[in-house]
Amino acid sequence: MGIVSPVGNRLDEAWKNVCDGTSGIVLIDDFDTSTFATRIGGTVRDFDAAEYMPPKDIRKTDPFIHYGIAASIEAIKHSGLEITAENGHEIGIAMGAGIGGIKTIEDNNNKFLDGGARKVSPFFIPGSIINMTSGYVSIYQHITGPNVSIVTACATSAHCIGFAGRMIEHGDAEVMLAGGSEYATTPLAMGGFSSAKAMSTRNDDPAGASRPFDIDRDGFVLSNGAGCVVLEEMEYAKARGATIYAELIGFGMSGDAYHITTPPADGEGARKAMVAAIRDAGIDPGDIDYLNAHGTSTPAGDLGESIGIRRAFGAAADSLMVSSTKSTTGHLLGAAGVAEAIFCVQAINNQVVPPTSNLDNQDPACDLDYVPNEARDAKVRTTISNSFGFGGTNGSLIIRAFD
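Now for a description of the structure that goes with this document. (Residues numbered from 1 in each chain as written. Predicted model: local features only at pLDDT ≥ 70, side-chain atom pairs only at ≥ 80, totals over all residues. Heavy atoms only, no water.)

## A word on the environment of Thr43
Within the secondary structure, Thr43 is located in the loop between strand S3 (40-42) and helix H2 (55-60). Expressed as a C-alpha distance, the spacing of Thr43 and Ser5, which sit 38 residues apart in the sequence, is 7.4 Å. The residues contacting Thr43, other than those within four sequence positions of it, are Pro6, Gly24, Val26, Ile28, Thr185 and Asn224. (Helix = DSSP H or I, 4+ residues; strand = E, 2+ residues; numbered from the N terminus. Contact = heavy atoms within 4.5 Å.)

Here is the structure:
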């Protein structure tokens, strides 16, 4: 596993901060936000792309690609996987993004407006398109198996993981790198989300702005980052002596067919995705100990997901531990699903459930156990992670302890 995030760029650091409730949300200071309704976000700090890429490639590419490459290389290191000319064709990559290179798009549009077409970089297109994280990692690591990118807004990296698992099941690869990256705290993206009134305006309290399931929640907090996991066919992993941290056992998807940004009030799309994942895993709802919620801190989204969870789990919902780690990380858009899948794996391996921070006044309509404000020591064997995106696209992953 590898992660780049507002709460840390190493696994142990990110996990500790999420469990401690240490927020990564700050005032945005890399451009003038004085005219913006929202002036806060989750930024990546202490990151040096030169640790992972040649300077000439850094100059050609958007920061979301830098983050994705870093997370992928860290995941490969963490896995102990050796990629060679002999096994490169057995390994593939599926790294996506929800928005992609919007900073590079903005920068080149400004150059065009200032000086015309001749001022636009020749690297503008390959430096901003979404599949270039997969492309660069493939080139750097000599990965010659499947090379794809899935784009489903905030469900992107969950879908990348799910489909990567199915590629392995289908025999397309023995190993898949999977995840996503994002860099969207830019003027245009912040302006668009602000105009849509989707983001929190709690500018005087950045650390307390993301408050899923709280009665005073007022929108999500936009964040940057990336994550990658190394998935392997079980026998392949055993044969090379890999450390196996957990097992992906279920993947489910659905479409709301309702609205481009708002989920249905009854949580039907969320319910269907969770039910599909549970069916794919061949388990009962009561077998799941912990659910990492999509939980973005929007009024409609948190309520709809809560209702969907109760409908999917039935009586088992009363004993289910649920939390939203977006309360500390903010919303990483296309990287959210993989970051949260990583936190599920960490919960299993540490027997700790991360909290929902800033949950001071729980919304009575959201009536589950959201592990408020303090991490909880608990038996965690099986987890489910939810990711939902604009357009009504939903994905759920079930991750279980490896015996």
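Following the structure, the description resumes.
## Here's the deal with the packing of aromatic side chains
Tallied over the full model, the rule gives 10 aromatic pairs. Relative to Phe343, the ring of Trp15 has its centre 6.3 Å away and its plane inclined at 35°; by these criteria the two rings are tilted. A residue pair is termed long-range when its members are at least 10 positions apart, and Trp15 in helix H1 (residues 11-20) and Phe343 in helix H12 (residues 336-350) qualify at 328 residues. In this structure Trp15 comes out as buried when scored by relative accessible area, which is 9%. Of the residues examined, Phe343 reaches a relative accessible area of 2% and is grouped as buried. Following the ring pairs from residue to residue traces out a cluster consisting of Phe47, Tyr52, Tyr67 and Tyr183. (Phe/Tyr/Trp six-rings, centres within 6.5 Å; stacked < 30°, edge-to-face > 60°. Buried < 20%, exposed > 50% of the residue type's maximum accessible area, 1.4 Å probe, protein only.)

## Digging into empty space enclosed by the protein
For the structure on display, the rule yields one cavity of 30 Å³ or more. Of the voids in this model, the largest cavity is the one considered here, and its volume is about 40 Å³. Lining the largest cavity are Thr325, Lys326, Thr329, Gly330, His331, Leu332, Ala336, Ala339, Glu340 and Phe343. If you list the elements that add at least two residues to the lining of the largest cavity, you get helix H11 (326-329) and H12. Of the residues forming the lining of the largest cavity, the biggest block, four residues, is contributed by H12. In the lining of the largest cavity, the residues fall into four nonpolar, four polar and two charged. (1 Å grid on protein atoms, 1.4 Å probe; cavity = no way out; pocket = protein on both sides within 12 Å on 5 of 7 lines; lining within 4 Å. Points joined across faces, edges and corners; volume = space filled by probe spheres on them. Nonpolar A, V, L, I, M, F, W, Y, C, P; charged D, E, K, R; others polar.)

## What to know about the sheet that holds strand S6 (residues 175-182)
What the five strands build is an open sheet, ordered S1-S7-S6-S4-S5; its pairing is mixed. Edge positions in the open sheet fall to strand S1 (2-4) and strand S5 (147-148), since each of these has one partner strand only. Judged from the six bridges that link them, strand S4 (residues 91-96) and S6 form a sheet pairing that is parallel. Of the residues in S6, the one forming a bridge with Gly96 is Gly180. Sitting on the sheet, helix H3 (residues 63-79) is in contact with S1, S4, S6 and strand S7 (225-232), with an inclination near 35° to S7. The strands that helix H5 (residues 132-141) touches are S4, S5 and S6; relative to S4, the one it contacts most, it runs at about 150°. (Pairing = 2+ DSSP bridges. Axes fitted to C-alpha atoms, helices over the stretch in contact; angles between N-to-C directions.)

## Regarding the pattern of salt bridges
Across all of its chains, the model carries 22 salt bridges by this definition. Taking the shortest distance from any N to any O, the salt bridge between Glu235 and Lys238 comes out at 3.7 Å. Of this pair, Glu235 and Lys238 are both found in helix H8 (residues 234-239), three residues apart, which corresponds to roughly one turn of the helix. Given the relative accessible area of 48%, Glu235 is considered partly exposed. (Salt bridge = Lys/Arg side-chain N within 4 Å of Asp/Glu carboxyl O.)

Nothing here speaks to function; it is geometry throughout.
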